[in-house]
Amino acid sequence: MKSVRDAAVVVTGAGGGIGAALARRFAAEGARVVVNDIDAAKAEAVAAETGATAVPGDASAVLPAAREALGGTVDIYCANAGIAPLGGPEAGEDVWEAAWDVNVMAHIRAARALLPEWLERGSGRFVATVSAAGLLTMVGSAPYSVSKHAALAFAEWLSLTYRHRGIDVHAICPQGVRTDMLHGTGVVGDLVLRPTAIEPAKVADALFEGMAAGRFLILPHPEVAGHAATRATDPERWLAGMNRLQRTVEEREQQATGTAQQP
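Residues numbered from 1 in each chain as written. Predicted model: local features only at pLDDT ≥ 70, side-chain atom pairs only at ≥ 80, totals over all residues. Heavy atoms only, no water.

Caption draft 1: Representation of the overall build of the chain. Scanning the chain from N- to C-terminus turns up 10 helices and 7 strands. Here the C-alpha atoms of the chain give a radius of gyration of 19 Å, agreeing with the 18 Å that 2.2 N^0.38 yields for 263 residues. For the chain, the C-alpha atoms occupy an extent of roughly 60 × 45 × 35 Å along the three principal directions. Within the span of the chain, comprising 263 residues, buried residues form 47% of the whole. Considering only intrachain contacts with a sequence separation of at least 6, the fraction spanning at least 24 residues in the chain is 64%. Taken as two groups, the 23 positive and 29 negative side-chain charges of the chain have centres that lie 7 Å from each other. (Helix = DSSP H or I, 4+ residues; strand = E, 2+ residues; numbered from the N terminus. Rg over C-alpha atoms; globule rule 2.2 N^0.38 Å. Buried < 20%, exposed > 50% of the residue type's maximum accessible area, 1.4 Å probe, protein only. Contact = heavy atoms within 4.5 Å. Lys, Arg positive; Asp, Glu negative; His and termini not counted. Charge placed at Lys NZ, Arg CZ, Asp CG, Glu CD.)

Caption draft 2: Structural detail: the pairing of strand 5 (residues 124-129). When you tally the buried positions in strand 5, you get 6 out of 6 residues, the bulk of the element. With 6 bridges connecting them, strand 5 and strand 6 (residues 167-172) associate as parallel partners. Within the sheet, the bridge partner assigned to Arg 125 lies in strand 6 and is Asp 168. You can see the chain leave strand 5, run along helix 5 (residues 142-162) and come back into strand 6, and the turn it takes is right-handed. (Pairing = 2+ DSSP bridges. Right-handed = clockwise from strand over helix to strand, strands pointing away.)

Caption draft 3: Spatial organisation of the nonpolar core. In terms of nonpolar packing, the biggest core is built from 36 residues, with Val 10, Tyr 77, Phe 126 and Leu 158 touching the most fellow members. Counting residues per element, the ones that place at least two in this core are strand 1 (8-11), helix 3 (63-69), strand 4 (76-79), helix 4 (93-121), strand 5, helix 5, strand 6 and helix 9 (223-233). Ranked by residues supplied to this core, first place goes to helix 5 with 6 residues. Among all residues touching Val 10, those that are not within four sequence positions of it are Val 34, Val 62, Ala 66, Leu 70, Val 74, Ile 76, Tyr 77 and Cys 78. Ala 14, Phe 26, Val 46 and Ala 204 belong to the second-largest nonpolar core, a separate cluster that totals 32 residues. (Core = buried A, V, L, I, M, F, W, Y, C linked by side-chain atoms within 4.5 Å.)

Caption draft 4: Structural context of the packing of aromatic side chains. Applying the stated criterion across every chain yields a total of 3 aromatic pairs. Residues Tyr 77 and Phe 126 carry aromatic rings whose centres are separated by 5.8 Å and whose planes lie at 25 degrees to one another, so their mutual orientation is stacked. Placement of Tyr 77 in strand 4 and of Phe 126 in strand 5 is noted, with a sequence separation of 49 residues between them. The residues Tyr 77 and Phe 126 share a single accessibility class, namely buried. The ring of Phe 208 is capped by Arg 25, whose NZ or CZ atom sits 4.3 Å from the centre of that ring. (Phe/Tyr/Trp six-rings, centres within 6.5 Å; stacked < 30°, edge-to-face > 60°. Lys NZ or Arg CZ within 6 Å of the ring centre and 35° of its normal.)

Caption draft 5: Broad picture of the pattern of salt bridges. All told, the structure shown has 8 salt bridges when counted by the stated rule. Between Asp 101 and Arg 109 there is a salt bridge whose closest N-O contact spans 2.8 Å. With a relative accessible area of 28%, Arg 109 lands in the partly exposed category. The residue Glu 117 makes a salt bridge to Arg 121 at a minimum N-O spacing of 2.9 Å. A residue pair is termed a helical-turn pair when its members lie 3 or 4 positions apart in one helix, as Glu 117 and Arg 121 do in helix 4 at 4 residues. Through salt bridges with shared partners, a single ionic network connects Arg 67, Asp 75, Glu 117 and Arg 121. (Salt bridge = Lys/Arg side-chain N within 4 Å of Asp/Glu carboxyl O.)

Caption draft 6: Local environment of the packing of helix 1 (residues 17-28) against helix 8 (residues 200-213). Closest axis-to-axis distance for the helix 1/helix 8 pair is 8 Å, and the angle between their directions is 55 degrees. Accordingly, the angle class assigned to the pair helix 1 and helix 8 is oblique. Crossing angle aside, the handedness with which helix 1 passes helix 8 is right-handed. Contacts between helix 1 and helix 8 involve Gly 17, Ile 18, Ala 21, Leu 22, Arg 25 and Phe 26 from the first element and Pro 200, Ala 201, Val 203, Ala 204, Asp 205, Leu 207, Phe 208 and Met 211 from the second. Of the residues contributing to the contact of helix 1 with helix 8, the split by class is 11 nonpolar, 1 polar and 2 charged. (Axes fitted to C-alpha atoms, helices over the stretch in contact; angles between N-to-C directions. Parallel < 35°, antiparallel > 145°, perpendicular 65-115°, else oblique. Left-handed = near helix turned anticlockwise from the far one by under 90°. Nonpolar A, V, L, I, M, F, W, Y, C, P; charged D, E, K, R; others polar.)

Caption draft 7: The arrangement of the side chain of Asn 103 in detail. Checked against the element boundaries, Asn 103 lands in helix 4. In this structure Asn 103 comes out as buried when scored by relative accessible area, which is 0%. At a separation of 3.0 Å, a polar atom in the side chain of Asn 103 contacts the main-chain carbonyl oxygen of Ile 83. At 3.0 Å, the side chain of Asn 103 forms a polar contact with the side chain of Ser 147. (Polar contact = N/O pair within 3.5 Å; in protein donor to acceptor, adjacent residues only side chain to side chain.)

Caption draft 8: How the structure looks around the environment of Ile 218. Within the element layout of this structure, Ile 218 appears in strand 7 (residues 217-218). Ile 218 sits in the buried class, given a relative accessible area of 0%. Considered as a pair, Ile 218 and Asn 80 are 138 residues apart in the sequence and their alpha carbons are 14 Å apart.

And the structure:
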């Protein structure tokens, strides 16, 4: 991988967590960075810290303003913005639509806007923050699991379709990361994510190592590869194990509710 110095980089969802860590790392490496976040104050704070440019707003609509801020071009696009609503089929249509829009369609819209320029010049780099849920699943959140599987599938499609034309694609699939999103995962987070949670900067380190090695799949938690292998080669064993986790989550939630109800 050539140096990212002076590269024009857009990072969505960069007001905190993984996105902010990616923006900091790209800026530290000499890239010209646009920090995007729906929260304007957070975007501006990270931009001020890193010497980047804040372009707040919806991730799906950031590219026109980002291109203008970067002098008309984008070399690297980090589709990092994401949401993780809880629930299953009973979750409302608005919940499912929001997860699909932010976690999948924002990636598709960005690629639609970027590919003509990238294919014409023969280079471009698309980074999708997917989550281990895209390789495995997320207990307690069907909208997140389904949309992250789709995000991974789209990144795979981009890579297999355009890699011979100079387009590099990376899918980052971490498990627990110490971000605001982790705080909202409740019992599942306590059982599965927090024990091995890493700092967002470690995710950025893993991305840069993966870019240097030319890897599509970026696994900040290497053990995810083993889980994915079990899922693929012995799905009954994997599903049985995940169901045991589901039952444990239900038991813990019931215990917590029962304790709260006692005088």
